[in-house]
Amino acid sequence: MIESVSSELTKFMYNWKARGVPKEITHEAKRLFLNQLKASVGATKTDAIKILNEQTKENENLEKSAKIIWLGRQTDLESAAIVNGALFEVLDFHDTYIPCYMHATSAVLPALMAVAEQREYSGFNFLESLALGIEVELAIASILMPTAYFRGYVPAGLTGSVGAAAACSILTDIGPEKTQNAISIAMCTSFGLYVSVGSMTLPYITGATARSGLNAFQLAEKGFDGPATAFEGEKGMLVTHSDENEKKINKVLSSMGKNWKILGQTYKTVPTETITHGPVELILKILNRSKGKDVKKIDFYVCPIVKDICDERMERFGTPESELTARFDLCFCVAAAWIRGKFTLEEMKEKAFKDDKILNLRNKINLIPDEGRKTFEGCSIEIEYLDGSKDSDNVDYFLGSPQNQMTDNQLSDLFSQSCKDFIDENQINTILKGLWNLDEEKNIKNLINQLKLN
């Protein structure tokens, strides 16, 4: 019988800190860090980031400040966490833990970066803490989902602050009692509504969640307490945020350290949400053999929840009117990929979402629920051309999913491609070298200082 969820999570982290986190787990933390850097460099030009960045103030007291990456500004830790969190989220080019419909790294990493930079921790300590914080977050998410998501919460909004508080606490080794308090405080202050999708509020939620976890850690470090039963209590996180059975608690907690959830992350190869990756991968594959034929209609057979999500978006957004709504319109993304022959950040600019050719093709795309698909790593396609000919194809696991992982080299190449319009090749290579050797770095600031635009 567990004492409490917060105490069990605390024990898990301190046990593994004493034993040493397995190298394959810290290596995955490296990969996730690099993936977030890939996801954020292009975000510096978005309106959401410009506005959030303008809200921050320069901090001349360098001993009590952290860097907003890429933009090169020193500010207070809380502001850095907000802007960096939004940078990781706004392009939707980050990781996804598909079983919980969430982006697990985006809120944990900014809080941890701020503390690690300010206090000059080693790369090794940083990676261990990132891995442990994400694992705590995914444990909580695995208990709460899917009904918390169905209720209308942003999964990472609910759980990201818990992971961030846990990661900062174990990094600084504030002790089990204070760590448990940090986790409990974060559980009591979770937030984030999914209706925010398609607006600037979604990336703000990620940044604010990172700040919330950072604040929970800061308060606990000073002696602030939290309720021990913040998760499983009569009015705790479980019953107020989900409809899940409390029996899940023991099942999930007992598996921690045996089956590391961090190894189940999905990496994105194109800058849009995870449900779109299979369709985009297939449409580009079909396009290569279409020989310029005109399309009559395109049918995608998808996991039923994908159809439900897209129908709700179509009803709420209508035709895309911004980069943010275009990014969350699967049919638009697929049509843009077909017309443009690629899918990059440019395919969500105004020239694309106002392009009649793309919009006309968008209206010829149908999503058909496939009851045999339980998750959205895969889908199938049937396309009919105006000349009467047809073609079809299938992908069960798109590139980047856990069953079809990108290699380290592929991830490095994708980072390089994402950065090429923002920083020069020498800096790209310097960042990559520092990242892959981060476990040998004595001061995390040395890598963070490289994360700036030309």
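Scroll up for the structure.
Quick caveat, the model's predicted, so the values are computed rather than measured.

Conventions and cut-offs
- Residues numbered from 1 in each chain as written.
- Predicted model: local features only at pLDDT ≥ 70, side-chain atom pairs only at ≥ 80, totals over all residues.
- Heavy atoms only, no water.
- Helix = DSSP H or I, 4+ residues; strand = E, 2+ residues; numbered from the N terminus.
- Rg over C-alpha atoms; globule rule 2.2 N^0.38 Å.
- Buried < 20%, exposed > 50% of the residue type's maximum accessible area, 1.4 Å probe, protein only.
- Contact = heavy atoms within 4.5 Å.
- Lys, Arg positive; Asp, Glu negative; His and termini not counted.
- Charge placed at Lys NZ, Arg CZ, Asp CG, Glu CD.
- Phe/Tyr/Trp six-rings, centres within 6.5 Å; stacked < 30°, edge-to-face > 60°.
- Lys NZ or Arg CZ within 6 Å of the ring centre and 35° of its normal.
- Pairing = 2+ DSSP bridges.
- Axes fitted to C-alpha atoms, helices over the stretch in contact; angles between N-to-C directions.
- Core = buried A, V, L, I, M, F, W, Y, C linked by side-chain atoms within 4.5 Å.
- Salt bridge = Lys/Arg side-chain N within 4 Å of Asp/Glu carboxyl O.
- Parallel < 35°, antiparallel > 145°, perpendicular 65-115°, else oblique.
- Left-handed = near helix turned anticlockwise from the far one by under 90°.
- Nonpolar A, V, L, I, M, F, W, Y, C, P; charged D, E, K, R; others polar.
- Polar contact = N/O pair within 3.5 Å; in protein donor to acceptor, adjacent residues only side chain to side chain.

### Comments concerning the overall build of the chain
Okay, so step 1: Assigned secondary structure in the chain consists of 21 helices and 6 strands.
Okay, so step 2: Computed over the C-alpha atoms, the radius of gyration of the chain is 22 Å, within 12% of the 22 Å expected from 2.2 N^0.38 for a compact globule of 454 residues.
Okay, so step 3: Overall, the C-alpha framework of the chain stretches about 70 × 50 × 35 Å when taken along its three principal axes.
Okay, so step 4: Taken over 454 residues, the chain has a buried fraction of 61%.
Okay, so step 5: Considering only intrachain contacts with a sequence separation of at least 6, the fraction spanning at least 24 residues in the chain is 76%.
Okay, so step 6: If the 51 positive side-chain charges of the chain are averaged to one point and the 61 negative ones to another, these points end up 2 Å apart.

### Looking at the packing of aromatic side chains
Any pair of aromatic rings gets described here by the distance separating the centres and the angle formed by the planes.
Okay, so step 1: Overall, the coordinates contain 8 aromatic pairs when judged by the stated rule.
Okay, so step 2: What links up through ring pairs into an aromatic cluster is the set Tyr101, Tyr149, Phe150, Tyr194 and Phe376.
Okay, so step 3: If you follow Arg19 out to its NZ or CZ, it ends over the ring of Trp16, 3.8 Å from the centre.
Okay, so step 4: The ring centre of Phe93 lies 3.8 Å from the NZ or CZ of Lys38, which sits over that ring.

### Quick look at the sheet that holds strand E6 (residues 390-395)
Okay, so step 1: On the basis of which strands lie adjacent, the open sheet formed by 4 strands has the order E4-E3-E5-E6 and mixed pairing. Each of the sheet's edge strands pairs with one partner strand only, and the pair in question is strand E4 (365-369) and E6. Averaged over all adjacent pairs, the angle separating strand axes in this sheet is 15 degrees, with direction ignored.
Okay, so step 2: Alignment of strand E5 (residues 379-385) against E6, held across 6 bridges, turns out to be antiparallel. Of the residues in E6, the one forming a bridge with Ser380 is Asn394.
Okay, so step 3: Together, strand E3 (295-302), E4 and E5 form the strand contacts of helix H16 (residues 330-340), whose direction differs from that of E4 by roughly 130 degrees.

### Re the nonpolar core
Okay, so step 1: The biggest cluster of nonpolar side chains holds 163 residues, and the ones touching the most others in it are Leu9, Phe126, Met187, Phe231, Phe300 and Phe332.
Okay, so step 2: With 13 residues, helix H6 (residues 123-144) is the largest single contributor of residues to this core.

### Considerations on the pattern of salt bridges
Okay, so step 1: Within this structure, the stated rule accounts for 25 salt bridges.
Okay, so step 2: Across the pair Asp92 and Lys268 runs a salt bridge whose closest N-O atoms are separated by 2.4 Å. Separated by 176 residues along the polypeptide, Asp92 in the loop between helix H4 (77-89) and helix H5 (105-119) and Lys268 in the loop between helix H12 (247-255) and helix H13 (277-287) bring together distant segments of the chain. Neither residue differs from the other here; Asp92 and Lys268 are each classed as buried.
Okay, so step 3: Lys445 is the salt-bridge partner of Glu120, the closest N and O atoms lying 3.6 Å from each other.

### What to know about the packing of helix H8 (residues 155-172) against helix H9 (residues 176-188)
Okay, so step 1: Axis separation between H8 and H9 bottoms out at 8 Å; the angle between their running directions is 160 degrees. One way to sum up the angle between H8 and H9 is to call them roughly antiparallel. Considering the relative orientation of H8 and H9, their crossing is right-handed. From H8, Ser161, Val162, Ala165, Ala166 and Ser169 reach across to H9, where they touch Thr179, Ala182, Ile183, Ala186 and Met187.
Okay, so step 2: Looking at the contact of H8 with H9 residue by residue, the class counts come to 7 nonpolar, 3 polar and no charged.

### What about unusual backbone geometry?
Peptide bonds are, in most cases, trans, and in most cases residues other than glycine have a negative phi.
Okay, so step 1: Put simply, Met145 and Pro146 share a cis peptide bond, and its omega is 10 degrees.
Okay, so step 2: Look at Asp92: it is not a glycine, yet its phi comes out positive at around 55 degrees.
Okay, so step 3: Residue Asp92 is classed as buried on the basis of its relative accessible area, which comes to 2%.
Okay, so step 4: The phi angle at Lys291 is positive, at roughly 55 degrees, despite the residue not being glycine.
Okay, so step 5: When you line up the elements, Lys291 lands in the loop between H13 and E3.

### Describing the environment of Ala80
Okay, so step 1: Assignment of secondary structure puts Ala80 in helix H4.
Okay, so step 2: The residues contacting Ala80, other than those within four sequence positions of it, are Ala66, Lys67, Ile68 and Thr75.

### Looking at the environment of Lys67
Okay, so step 1: Tracing the backbone shows Lys67 in strand E1 (residues 66-68).
Okay, so step 2: What makes Lys67 buried here is its relative accessible area of 11%.
Okay, so step 3: For the pair Lys67 and Ala80, spaced 13 residues apart in sequence, the C-alpha separation works out to 6.1 Å.
Okay, so step 4: Look past the residues within four positions of Lys67 in its chain and what remains in contact with it is Gly72, Arg73, Gln74, Ala80, Asn84, Glu117, Ile448 and Asn449.
Okay, so step 5: Within the local environment of Lys67, its side chain forms a polar contact with the side chain of Gln74, the two groups lying 2.9 Å apart.

### Regarding the pairing of E5
Okay, so step 1: Of all 7 residues in E5, 6 are buried, a share of seventy percent or more.
Okay, so step 2: Here E3 pairs with E5 via 6 bridges, running antiparallel. Bridge pairing in E5 places Phe300 opposite Ile381.

Honestly, it's all geometry; don't read function into it.
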